[in-house]
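Topology and contacts: notes
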Amino acid sequence: MEPIRVFVGGTAEHDLPTRVLEHSIRSRMANPERLELRRLWDSKIPIPVPAAAQNRGRTTFSFHRFLIPEECGFTGRAIYLDSDMIVFGDIADLFDRDFPPGVKVMSTTDTWQTAVLLIDNTIGWRVADIVARLDAKELGYQHTMNLLFEAQMGRFARTIPAAWNHQDRKDETTKLLHFTAMAIQPWLTREHHLAKVWEAELRSALAAGAVTEADVAASLVNHWVRPSLAELIGRTPDYFDSDFTFPHNRVAS
């Protein structure tokens, strides 16, 4: 049986939400031994910086999804996810679904996003080639991120059920919850209306040993998560959440 390769886009500051994401996936799988989760910020494949400012990533990991076929040696299939997610269904149901004829990559039906992808790695993406096409003005940034260049070739389809990318909402049908509102993501602030859902998943991961108190402490020390998360490991926060500056809002010195 083919391993389920899941690649997560993000940076080091997303360590804790990625650990929670992995627990949410593994704990709901009928065959968790199939899971192979990799962090794309550990990839050794260089990502060139597009020459034009308008073609540069809107996040530090915008181009991560294009690394996946090369990471897999252009064989098999893989899933791409952002780190700001929790999975409530068996990821095998997503991974094992059939591709429509000619299609090499699929996303969800109800959104312009490509934050959830099932990829046939024979699509052959090389991130250096895609950036070169941006530099040559063959592609535009949003055109690329929305995979419209693949849609025009008949290789991209939005056929994954919408339940695999419920954005900032959860109901009895939700397979994947995506915390898209960066200003209120629950590891950064308590203000998200589903913050307790994410906190419950973190508690579950701690209880299972999938996340350790040391993992949480490391994110607190690096100021990657809100200080009040210290309470979940029995510690007193070092300072108030109101004094916490989100990592993506900090000015590099």
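Quick look at the structure, then.

What counts, and where the lines are drawn
Residues numbered from 1 in each chain as written. Predicted model: local features only at pLDDT ≥ 70, side-chain atom pairs only at ≥ 80, totals over all residues. Heavy atoms only, no water. Helix = DSSP H or I, 4+ residues; strand = E, 2+ residues; numbered from the N terminus. Rg over C-alpha atoms; globule rule 2.2 N^0.38 Å. Buried < 20%, exposed > 50% of the residue type's maximum accessible area, 1.4 Å probe, protein only. Contact = heavy atoms within 4.5 Å. Lys, Arg positive; Asp, Glu negative; His and termini not counted. Charge placed at Lys NZ, Arg CZ, Asp CG, Glu CD. Pairing = 2+ DSSP bridges. Axes fitted to C-alpha atoms, helices over the stretch in contact; angles between N-to-C directions. Salt bridge = Lys/Arg side-chain N within 4 Å of Asp/Glu carboxyl O. Parallel < 35°, antiparallel > 145°, perpendicular 65-115°, else oblique. Nonpolar A, V, L, I, M, F, W, Y, C, P; charged D, E, K, R; others polar.

This next bit is on the overall build of the chain. What the chain contains, in helices and strands, is 8 helices and 9 strands. Relative to its length of 253 residues, the chain is compact, with a C-alpha radius of gyration of 18 Å against a globular reference of 18 Å. The dimensions of the chain, computed from C-alpha atoms along their principal axes, are 55 × 45 × 30 Å. When each of the 253 residues of the chain is scored for burial, the buried share is 51%. Long-range pairs, those at least 24 residues apart, make up 68% of the contacts in the chain with a sequence separation of at least 6. The average position of the 28 basic charges and that of the 33 acidic charges among the side chains of the chain differ by 3 Å.

On the basis of which strands lie adjacent, the open sheet formed by 3 strands has the order β4-β9-β8 and mixed pairing. Of all the strands in the sheet, just β4 (85–87) and β8 (166–167) have a single pairing partner and so form its edges.

Taken together, the 6 strands give an open sheet; going across it, the order is β2-β1-β3-β6-β5-β7, and neighbouring strands pair in mixed fashion. Both outer strands of the open sheet, β2 (35–39) and β7 (156–160), are each paired with one neighbouring strand and no more. Here the average twist between neighbouring strands, direction ignored, is 25°. Helix α1 (residues 15–26) rests against β1 (4–9), β2 and β3 (77–82) of the sheet, and its axis sits at about 170° to β2.

We now examine the pattern of salt bridges. In the structure shown here, the tally under the stated rule is 15 salt bridges. Note that R19 is salt-bridged to D15, the shortest N-O span being 2.9 Å. Note that R19 and D15 are positioned in helix α1 at a spacing of 4 residues, about one turn of the helix. On the basis of relative accessibility, which here comes to 26%, the residue R19 falls in the partly exposed class. The partner of R19 in a salt bridge is D215, and the shortest N-O contact between them spans 3.6 Å. Here R19 is found in helix α1, whereas its partner D215 is found in helix α8 (residues 213–221), with 196 residues between them in sequence. You can call D215 buried: its relative accessible area is 14%.

On to the packing of α1 against helix α7 (residues 195–208), then. Between two packed helices, the angle of one axis relative to the other and the distance separating the axes together describe the packing. Direction vectors running N to C along α1 and α7 enclose 75°, while the axes themselves pass 9 Å from each other. By the angle between their axes, α1 is roughly perpendicular relative to α7. In this structure, α1 uses L16, P17, V20, H23 and S24 to contact α7, whose residues at the interface are W198, E201, L202, S204, A205 and A208. Class assignment for the residues of the contact of α1 with α7 results in 7 nonpolar, 3 polar and 1 charged.

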